[in-house]
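# Descriptive structure summary
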Amino acid sequence: MSEEKIVVIMGSPRDLHFASKIKSFLKKEKISVDCVYNVASAHRTPQKLLKDLEENEKSNTNIIYITVAGLSDALSGVVAGSTCFPVIACPPDSDKYGGEKIFSSTAMPKGIPVAYVAKPENAALTAVRILALTNPELKEQLEKFKQKMAKEVYKGAEEVKKVTQKKDVNRLAV
């Protein structure tokens, strides 16, 4: 049976602060997927990037790539064009560049698919959902996460109800 992992490729070590939220989220939510980090630039070190991808292709591992690169985000397209595994672009500068960043990360030629997810936690969840298609344990962990989120909403609704009822009672007493 093959293993599974998320490989986060950053264009620069400066991206680690943003990218580290991926692994932190998985750990916090007790989702058991191995998450590894690498730095390789599509512009500055294309040979390293291609060599690293080639090594990953040889492994008996189901991989989801999450690319974290700013500016032109060539990294996502080069990774997608060099692998058969899914690629999720999660640029650290999405908030700053908005629509321009979406275009830079996803406007790929036919046959070079790149998904775009702005938040690192959602990129992690997207990767896990893909891996859960063939892993019942991950699917169960995702279901527990969904239940936890739903519980938080119900709890919040009850708190709001209590607060607003108290205000209504105070208004009537005045």
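These lines cover the structure that appears in this document, whether it is placed above or below. Computed from a predicted model, the values in this text were never measured in an experiment.

About the cut-offs
- Residues numbered from 1 in each chain as written.
- Predicted model: local features only at pLDDT ≥ 70, side-chain atom pairs only at ≥ 80, totals over all residues.
- Heavy atoms only, no water.
- Pairing = 2+ DSSP bridges.
- Helix = DSSP H or I, 4+ residues; strand = E, 2+ residues; numbered from the N terminus.
- Contact = heavy atoms within 4.5 Å.
- Axes fitted to C-alpha atoms, helices over the stretch in contact; angles between N-to-C directions.
- Core = buried A, V, L, I, M, F, W, Y, C linked by side-chain atoms within 4.5 Å.
- Buried < 20%, exposed > 50% of the residue type's maximum accessible area, 1.4 Å probe, protein only.
- Parallel < 35°, antiparallel > 145°, perpendicular 65-115°, else oblique.
- Left-handed = near helix turned anticlockwise from the far one by under 90°.
- Nonpolar A, V, L, I, M, F, W, Y, C, P; charged D, E, K, R; others polar.
- Polar contact = N/O pair within 3.5 Å; in protein donor to acceptor, adjacent residues only side chain to side chain.

## Observations concerning the sheet that holds strand E1 (residues 3–10)
Spatially, five strands are ordered E2-E1-E3-E4-E5 in an open sheet, and the strand pairing comes out parallel. Because the sheet does not close on itself, it has two edges, and the strands there are strand E2 (34–39) and strand E5 (115–116). Of the strand pairs in this sheet, E1 and E2 are connected by six bridges, and their pairing is parallel. Note that in E2 the partner of Met10 across the bridge is Val39. Where helix H3 (residues 74–82) meets the sheet, it contacts E1, strand E3 (61–68) and strand E4 (87–89), and its direction lies at approximately 160 degrees from that of E3.

## Focus: the nonpolar core
Within the largest apolar cluster, 27 residues are counted, with the highest numbers of intra-cluster contacts made by Ile6, Val8, Leu26, Ile31, Ile66, Val68 and Val128. No other element matches the seven residues that helix H6 (residues 120–132) contributes to this core. In this view, Val68 contacts Val8, Ile9, Met10, Gly11, Asp15, Phe18, Ala19, Ile22, Leu75, Cys90 and Pro92; residues no more than four positions away in its chain are not counted. Judged by nonpolar contacts, the second largest core, of 16 residues, contains Ala42, Leu49, Ala69 and Leu75.

## Section: the environment of Pro46
Tracing the chain through its elements places Pro46 in helix H2 (residues 46–58). Judged by its relative accessible area of 30%, Pro46 is partly exposed. Separated by 16 residues in sequence, Pro46 and Asn62 place their C-alpha atoms 23 Å apart.

## Re H3
Residues of H3 that are buried include every one of Leu75, Ser76, Gly77, Val79 and Ala80, and no others. In this fold, the buried residues of H3 make contact with E1, H2, E3, E4 and helix H5 (99–106).

## Some words on the packing of H2 against H3
Contact pair H2 / H3: the axes reach a minimum separation of 10 Å and the direction vectors enclose 40 degrees. Regarding the angle of H2 to H3, the classification is oblique. Crossing hand, H2 versus H3: right-handed. Of the residues in H3, those touching H2 at Leu49, Leu50, Leu53 and Glu57 are Leu75, Val78, Val79 and Ser82. Classifying every residue of the contact of H2 with H3 gives six nonpolar, one polar and one charged.

## Focus: the side chain of Asn135
Structurally, Asn135 is set in the loop between H6 and helix H7 (136–173). When its relative accessible area of 13% is taken as the criterion, Asn135 is described as buried. There is a polar contact of 3.0 Å between the side chain of Asn135 and the backbone nitrogen of Leu138.

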